[in-house]
Number of protein chains: 2
Amino acid sequence: MTLEPGLVQRFAAIVGARHALTRAEDMHPYLAEPRGLFAGRAGLVLLPASTAQVSAILALASETRTAIVPQGGNTGLVGGQIPDGSGQQVVVCLRRMNRIREIDPASNTVTAEAGVVLQDLQAAAEAAGRLFPLALASQGSCQIGGNLSSNAGGTEVLAYGNARDLCLGLEVVLPDGRVLDDLRKLRKDNTGYDLRGLFIGAEGTLGIITAAVLRLFPLPAGRVVAWLGCASPQAALELYHRAAEKAGPALTAFELMNDTVLSFSLRHGSEKQPPLAGHHPWHVLMEYRSHESDAHARSALEEMLATFLEAGLLDDAAISQDVRQLRAFWALRENMSESQKHEGASLKHDISVPVARIPALIEATGRAVRRLEPAARIACFGHMGDGNLHYNISQPEGGDGRQFSERRHEFHRAVHDVVATMGGSFSAEHGIGQMKREELARTASPVSLELMSAIKRAFDPLGIMNPGKVLDVSTRR
Amino acid sequence: MTLEPGLVQRFAAIVGARHALTRAEDMHPYLAEPRGLFAGRAGLVLLPASTAQVSAILALASETRTAIVPQGGNTGLVGGQIPDGSGQQVVVCLRRMNRIREIDPASNTVTAEAGVVLQDLQAAAEAAGRLFPLALASQGSCQIGGNLSSNAGGTEVLAYGNARDLCLGLEVVLPDGRVLDDLRKLRKDNTGYDLRGLFIGAEGTLGIITAAVLRLFPLPAGRVVAWLGCASPQAALELYHRAAEKAGPALTAFELMNDTVLSFSLRHGSEKQPPLAGHHPWHVLMEYRSHESDAHARSALEEMLATFLEAGLLDDAAISQDVRQLRAFWALRENMSESQKHEGASLKHDISVPVARIPALIEATGRAVRRLEPAARIACFGHMGDGNLHYNISQPEGGDGRQFSERRHEFHRAVHDVVATMGGSFSAEHGIGQMKREELARTASPVSLELMSAIKRAFDPLGIMNPGKVLDVSTRR
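Residues numbered from 1 in each chain as written. Chains lettered and ligands numbered in written order. Predicted model: local features only at pLDDT ≥ 70, side-chain atom pairs only at ≥ 80, totals over all residues. Heavy atoms only, no water.

(A) Summary view of the interface of chain B and chain A. Taken residue by residue, the interface counts 84 residues in chain B and 84 residues in chain A. Of all residues in chain B, Lys188, Asn190 and Tyr193 of chain B give up the largest surface area on contact with chain A, accounting jointly for 16% of the area buried on that side. Residues Arg164 of chain A and Asp194 of chain B are paired through a salt bridge, measuring 3.5 Å at the closest nitrogen-oxygen approach. Where chain B touches chain A, the interface holds 39 residue pairs in polar contact (both at pLDDT 80 or more). (Contact = heavy atoms within 4.5 Å. Buried area = accessible area lost by both parts, 1.4 Å probe. Salt bridge = Lys/Arg side-chain N within 4 Å of Asp/Glu carboxyl O. Polar contact = N/O pair within 3.5 Å; in protein donor to acceptor, adjacent residues only side chain to side chain.)

Structure, rendered in structure tokens:
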């Protein structure tokens, strides 16, 4: 079954035939995500070039009760951007709306369309003498609309916040085609409910974000990173607190990694040089930024590390000597997720807890995982300063990957149950999409689910916006 | 007309007779705000001591269609916390729920009930070696529940954000008495829609916030403030950009004031010593914080000011020499609003624009005001770094205050119309309440008002929560 030809034609007329994809080979890149975990079918893929076109698409979708799946750079990890298998849904990819409408360094804002690639936005900000601090592994292909729709996090949340914190204004097309034009550049505006915060992180289930005003920051004068070896997550936590106290907001990253995942990165990634000579069970990558000078960043960090060494909190440390080495240290961290692929099947978790619970979390999940499979290899890394770990589990060396993958629900449940006992989250930054919808339904409070469903019904009474994602809401479709 | 005695008794039974106020003299402090701008009547004032009691109150209110007006420290400036004149509404003041449930410095969080006075929360954080950075003129009496319900701003937004940015988790009693328990201590949690952000800033129209988890920060090692005299708002803007670039997040305040309002503060406030010897048309108060040391804060600020002086950007500057002087400088700024009272009638505006537009805003509003009344005295001060000014207008010296006050709508309209042309907000931090409801209805986009109303109807279908505030929504009451 597929979409009725007359309807396909009406949708195609909005964007022009060239930008309405119907052939399987043209649609293919939009129907599966790169890892192959989620794949679907679609009646049509539309590539609108303007807010007016998106508005016309959604008006027609409402009129005809057609389900719409919004998509950005197709880098989402929970299947939020992938249509179902019916062939009845229409994918609307925003990639042609990739214009930076305005950079206003004097107001520290940039106004960008949803399809702007994150890395292009970073570059445009830098060219204007400003920093746009959202930074993710997928920044070369993810788009700002998707970043906002999933409330993306990344490596600089510690100092600058997540996508929601970085957004001042939005333009959103509502399910019936109306346009909410709230592209304001205001740091403070208490005129009514926080609609902006609601669309951000809604994963395209309440409307389509078509443009945004984002915050810019002054560029730091100096950046230095340190790689630290330490004995335990407890030692790393103590380091984190001391670093936060001594550095304040100059501490812009504090990443924790275990030795297993570092060895994967060294083995399979582009960086082959271990940052430290000896063997250490745990590693920390921390970044210090100064607005005074590079020399100040370096001396402040060196002084801090000297006191940590003296206090016996760390076993060894290396400070980046130049930009090349700074990038090399970061590359080791950034290659971790990718490197894991070469070690066979892996099960991934994107979990968060109150930061003080990180050591207990690692201890308890470790026990739970080893109970299920003593030879499982735990690849634990993440944004410790945010209380957020990417707690991944690689199959036993030489074992059967398929068999291991088939047990994923057991592992997910074991890890998420530990997280729940610690007041944590089973999706710190990746969202719900289709992958975690049942987990949300299983673990969220009924009151919270009812409020979310009430919002969904109020905003999208026909249920045409990304149905089946985030919530399972019965609607009047 | 008043509430039916049987109903009064049922409400009173929930909190106990002692905490259900019905006599006019007992209710009086809850029915009018200190400035006397808003006053109402009530059938009853309830002082619940627990979330369970608030829940029972709202369940009964829903059952009986009784309108509820939530109240904190009664310091709101837009009448959001004051009942109407019907005598049929019930005020629920949270002041007895003033327990700090937990301070967790290792997770950088504090869990506090809604009735905790802001200053007590600041003190408790400091006693635990942490900073809670929300700071307002009314901090000695305002309560954290009210701060959240109005998304309070204040003097430290520049570096730490407003109340919404500082909140990680909420406990909210919904209009039907159900309790949303979302008191999580997570910096990152992308599991569904941002309900928290929605209740924050809703001014008690969607439910009653009973407790919150708030973010704490490391205490800075040093704080220094500088008082700068400069020629114009344009010079101040240039100073702001240079200071932000050189200081980054160490710049924690950047306040702009004109000479008129400084003279009011010197004349009527506790601080009589002008910070600078000569006369300057515009003044800036900036604060620099260091996590290294007090000496570092001082030397960094001195170095910065030397370059500004050299570049001709400022006319004169004084740096606080000790804590006493730091407090004196801040007192001059903080007394401004209060001092204005002694200068007769005044009209107040809480406006924001993109920060680059501040000079143009001051120019255009000045022209508009002088056109209406050439002898009006403009008392302009505020959080320039946030693009937010408290743009107040005092009556002509020796003129008729009542006559001047009667023209308030003319002045409000003139100022707000200028703000609107610059993409600004007519309520940057004070909210809507009853005072600005019509202004919101007049200026907000229909789409935005419809979405807000849809949320209101979905959350409060009976319309019992703070009716007549923020929105004018027809409901099934």
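(B) Examining unusual backbone geometry more closely. The backbone phi angle of Asn151 of chain A is positive, close to 45°, even though this residue is not glycine. By secondary structure assignment, the location of Asn151 of chain A is in the loop between helix H5 (144–149) and helix H6 (157–160). Even without glycine at this site, Asn466 of chain B takes up a positive phi of about 45°. As for its position among the elements, Asn466 of chain B is in the segment after helix H17 (446–459). (Helix = DSSP H or I, 4+ residues; strand = E, 2+ residues; numbered from the N terminus.)

(C) Spotlight on the sheet that holds strand S1 (residues 20–21) of chain A. Residue and element names in this part refer to chain A. Strands sit in the order S1-S2-S4-S3 across an open sheet of four strands; the sheet is mixed. Among the strands making up the open sheet, the edge pair consists of S1 and strand S3 (68–71). Sitting on the sheet, helix H2 (residues 24–31) touches S1, strand S2 (44–46), S3 and strand S4 (90–93), and the angle it makes with S2 is about 70°. (Pairing = 2+ DSSP bridges. Axes fitted to C-alpha atoms, helices over the stretch in contact; angles between N-to-C directions.)

(D) Main features of helix H4 (residues 118–127) of chain A. Residues and elements named next belong to chain A. If you check which residues of H4 are buried, you get Leu118, Leu121, Gln122, Ala124 and Ala125. Across the axial projection of H4, the buried residues extend over an arc of 165°, all falling on one side. Residues of H4 that are exposed and point more than 90 degrees away from the buried face comprise Glu126 and Ala127. Packing partners of the buried residues in H4 comprise strand S5 (100–104), strand S6 (109–113), strand S7 (130–131), H5 and strand S10 (208–215). (Buried < 20%, exposed > 50% of the residue type's maximum accessible area, 1.4 Å probe, protein only. Arc of directions from axis to C-beta.)

(E) Expanded view of the pairing of strand S19 (residues 388–394) of chain B. Residue and element names in this part refer to chain B. With seven of seven residues buried, S19 is to be regarded as a mostly interior element. On S19, burial covers both faces: Asn388, His390, Asn392 and Ser394 on one face and Leu389, Tyr391 and Ile393 on the other are all buried. For strand S18 (residues 377–383) and S19, the ladder comprises seven bridges, and the chain directions are antiparallel. Each bridged residue has a counterpart across the sheet, and for Phe381 the counterpart in S19 is His390. Between S18 and S19, which pair antiparallel one after the other, the connecting turn spans four residues, and Gly387 there sits at a positive phi close to 70°.

Shape is all these values report; function is a separate question.
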